[in-house]
Amino acid sequence: MNEHYFSAQPASAAQLRRIDVRLAGRDLQLSTAAGVFSPGHLDTGTRVLLDEIPDPPAGDVLDLGCGWGPIAVHTALAGAAAGTHPRIWALDVNERALDLVRRNAADLGLGSIQAVTAEQIPDDIRFAAIYSNPPIRVGKAVLHELLLTWLPRLAPGGAAWLVVAKKLGADSLLTWLRSALGETYAVERTTTSKGFRILRIERLAD
């Protein structure tokens, strides 16, 4: 197949399916399809990330590279349980992924989730948190551009949580982030689990 899950419009047939997944302490059935990342199950990296992140803050939260929506759904449910009720921007280039997020949010009655492309996020939005299992396989240049586009959109005091496989360069990415972002950000590795690193990037108060 000559396409990737980061294609804007996958050429493969959708092959819509329902899968069982546990998010925010709830057993759910969500819709997935071919042509998106990990369509058959919740991938290990995202599971590690969701087990690590704290309850989401109030305000705007970005799910960067949302796929079929597990991070967005988890965040909406966890935020409702915690009483923070964040507004969640589920961002992807893949139109099929965004359609799946809209379907899953509607099925669960999660009106706080907005499935969007980059140009649909207002320029003045600053994020209280960013969560991402970033698309490492797009290549270093594209990945760096993606992170330098969105990490500076953190509000002061806001934090981004990234999950990256150790074998795919998590440690070198950590070093690059520290250099690229500079002293106004605190960048650390918080956890290693199942071959994945969790990287936390906090924007310090101005």
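Quick notes on the rules
- Residues numbered from 1 in each chain as written.
- Predicted model: local features only at pLDDT ≥ 70, side-chain atom pairs only at ≥ 80, totals over all residues.
- Heavy atoms only, no water.
- UniProt positions renumbered as here; feature names shortened; annotations may be inferred.
- Helix = DSSP H or I, 4+ residues; strand = E, 2+ residues; numbered from the N terminus.
- Salt bridge = Lys/Arg side-chain N within 4 Å of Asp/Glu carboxyl O.
- Buried < 20%, exposed > 50% of the residue type's maximum accessible area, 1.4 Å probe, protein only.
- Pairing = 2+ DSSP bridges.
- Axes fitted to C-alpha atoms, helices over the stretch in contact; angles between N-to-C directions.
- Contact = heavy atoms within 4.5 Å.

You'll find the protein chain entered in an unreviewed UniProt entry as Class I SAM-dependent methyltransferase, with Brevibacterium otitidis given as the organism.

A. Examining the UniProt feature "domain: Methyltransferase small" (unreviewed entry) in the protein chain more closely. Cross-referencing UniProt, the feature "domain: Methyltransferase small" (unreviewed entry) maps to residues 28-199 in the present numbering. The distance from the first to the last C-alpha atom of residues 28-199 is 28 Å, and the span holds 34% helix and 29% strand.

B. Structural view of the pattern of salt bridges. On inspection of all chains with the given rule, the structure shows 9 salt bridges. Measuring nitrogen to oxygen at the nearest pair gives 3.0 Å for the salt bridge that ties D99 to R102. Pair noted here: D99 and R102 are both in helix α3 (residues 95-108), with a separation of 3 residues, about one helical turn. Its relative accessible area of 45% is what places D99 among the partly exposed residues. The residue E188 makes a salt bridge to R200 at a minimum N-O spacing of 3.7 Å. On the criterion of sequence distance, the pair formed by E188 in strand β8 (residues 185-193) and R200 in strand β9 (residues 196-203) is long-range, its members being 12 residues apart.

C. Molecular detail of the sheet that holds β8. The strand order across the open sheet formed by 7 strands is β5-β4-β3-β6-β7-β9-β8, and the pairing between neighbours is mixed. The two strands at the open ends of the sheet, each matched to only one other strand, are β5 (113-116) and β8. The sheet shows a mean angle of 15° between the axes of neighbouring strands, direction not considered. Across 5 bridges, the pairing between strand β3 (residues 60-64) and strand β4 (residues 87-91) is parallel. Residue pairing across strands places D60 opposite R87, the latter belonging to β4. With respect to the sheet, helix α2 (residues 70-82) is in contact with β3, β4, β5 and β6 (127-132), its orientation differing from that of β4 by roughly 175°.

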